[in-house]
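Descriptive structure summary
Residues per chain are reported as follows:
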Amino acid sequence: MRRLSAGLSAGALLLVATACGSSDDGSPDAGASSGGVTTVKLGLIPIVDVAPLYLGQKKGLFEKQGLKLEFTTAQGGAAIVPGVASGQFQFGFSNVTSLMVAQSNGVPVKAVANGIASTGVRGKDFNGLMVKKDSPVKSAKELEGKKVAINTLKNINETAVRQAVREDGGDPDKVKLVEMAFDQMPAALDQGQIDAACVVEPATATIRSQGGREIASPLIDIAPELTVAMYFTSTQYAQQHPDVVKKFQDATAESLAYAEAHPDEARQIVTTYTKIPAPVLEQVILPKWPAEPNRPSIEALMKLGEEDGLFKKTPDLDALLP
């Protein structure tokens, strides 16, 4: 699998928006069709969140809709958004903040299916703000002046860390945020290269297996049962290929429901696209995979993003969400 570069700037997103607007139906975004099956390229992050799509592919739920998924991994939604907008991928997985940032920068993206939600239970979420076992840091406020890893800047994890520090009475502007792939965070934390990490599974379980401690459940500090990420396409692809989009939506919905109902199978499929050891896999906390996004939680996320200056203009949720 190819790995995409992360941390693209707003300027790069704008260039992607311009390029996307000039493409035609003859571009690669049409997808390849063979024997009645349409192959669509999908940009994903190799984390537990996307287990339903790997599981749905294995169970034939996409094949039933006449689709075959071709997966490519990336470090975060900020890297996947330009790939979808330019037609490199037909669909992608991204945190909601990166989608709102893209839209506010003029990148034509459209969410088409729900992705994941927080469990809403502090200390038992798939995401956590974590420190190593012997760290003197006991709370989010104490991260002032410390180096904290997030997968990409200007995304939902930046908002989550800032809100966790703010809720604990600290100044989020004093936290030093650094970009790092989720799968690199456990080793970096253990070796003292960073003071804390905002991680998701399976990295969360890996850090726990190293004796690491969770000092905050930052997604829950944003909103209870927060809609964290969604599957999306470009507005152009949605207009030109509504039949493929509908098939993808139906297959994804069925895959989310299957994963929610079969957590052991969802947990096991993670071993096919990550290197998580079996003993650590047992500690993995699965996210929620609801059928529909939680709009009030997205509105709360948007408000925080505006306060932190992430958007050039207020995102249009009616245009962005399904």
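Our structure's up above, just so we're on the same page.
Here's a quick rundown of the structure. Note that the coordinates shown come from a computational prediction; the quantities given were computed from them, not determined experimentally.

Across its 12 residues, helix 5 (residues 156-167) extends 16 Å between first and last C-alpha, which sits within 8% of the 16 Å expected from 1.5 Å per residue. Within helix 5, 10 of the 12 residues are buried, leaving the element largely enclosed by the surrounding structure. For helix 5, the capping residue at the N-terminal end is Asn 155, with a side-chain oxygen 2.9 Å from the backbone nitrogen of Asn 157. Of the residues one or two after helix 5, Gly 169 is the one with positive phi, at around 90 degrees.

What follows concerns the layout of surface pockets. In this structure, the largest pocket spans a volume of roughly 440 Å³. Along the walls of the largest pocket sit 20 residues, with Pro 46, Asp 183, Pro 202, Thr 274 and Lys 275 positioned nearest its centre. Residue classes in the lining of the largest pocket are distributed as 13 nonpolar, 4 polar and 3 charged.

Evaluated as defined, the whole model comprises 7 aromatic pairs. Ring plane angle 55 degrees and centroid distance 5.0 Å describe the contact between Phe 93 and Tyr 231, whose orientation is recorded as tilted. With Phe 93 in strand 4 (residues 91-95) and Tyr 231 in strand 11 (residues 227-234), this pair connects stretches of sequence that are 138 residues apart. Both residues of the pair, Phe 93 and Tyr 231, belong to the buried class. Following the ring pairs from residue to residue traces out a cluster consisting of Phe 62, Phe 91, Phe 93, Tyr 231, Tyr 237 and Phe 248.

We now examine the sheet that holds strand 10 (residues 213-216). The 5 strands lie next to each other as 8-7-9-6-10, forming an open sheet whose pairing is mixed. Each end of this open sheet is capped by a strand with a single partner; those strands are strand 8 (176-179) and strand 10. When strand polarity is set aside, the average angle formed by the axes of neighbouring strands in this sheet is 35 degrees. In terms of strand pairing, strand 6 (residues 127-131) meets strand 10 through 3 bridges, oriented antiparallel. Counted as the bridge partner of Leu 129 is Ala 216 from strand 10. Packing of helix 5 onto the sheet brings it into contact with strand 6, strand 7 (147-150), strand 8, strand 9 (196-200) and strand 10, and relative to strand 7 it is tilted by some 145 degrees.

Reading guide: rules and limits
Residues numbered from 1 in each chain as written. Predicted model: local features only at pLDDT ≥ 70, side-chain atom pairs only at ≥ 80, totals over all residues. Heavy atoms only, no water. Helix = DSSP H or I, 4+ residues; strand = E, 2+ residues; numbered from the N terminus. Expected span 1.5 Å × (residues − 1). Buried < 20%, exposed > 50% of the residue type's maximum accessible area, 1.4 Å probe, protein only. Polar contact = N/O pair within 3.5 Å; in protein donor to acceptor, adjacent residues only side chain to side chain. 1 Å grid on protein atoms, 1.4 Å probe; cavity = no way out; pocket = protein on both sides within 12 Å on 5 of 7 lines; lining within 4 Å. Points joined across faces, edges and corners; volume = space filled by probe spheres on them. Nonpolar A, V, L, I, M, F, W, Y, C, P; charged D, E, K, R; others polar. Phe/Tyr/Trp six-rings, centres within 6.5 Å; stacked < 30°, edge-to-face > 60°. Pairing = 2+ DSSP bridges. Axes fitted to C-alpha atoms, helices over the stretch in contact; angles between N-to-C directions. Contact = heavy atoms within 4.5 Å.

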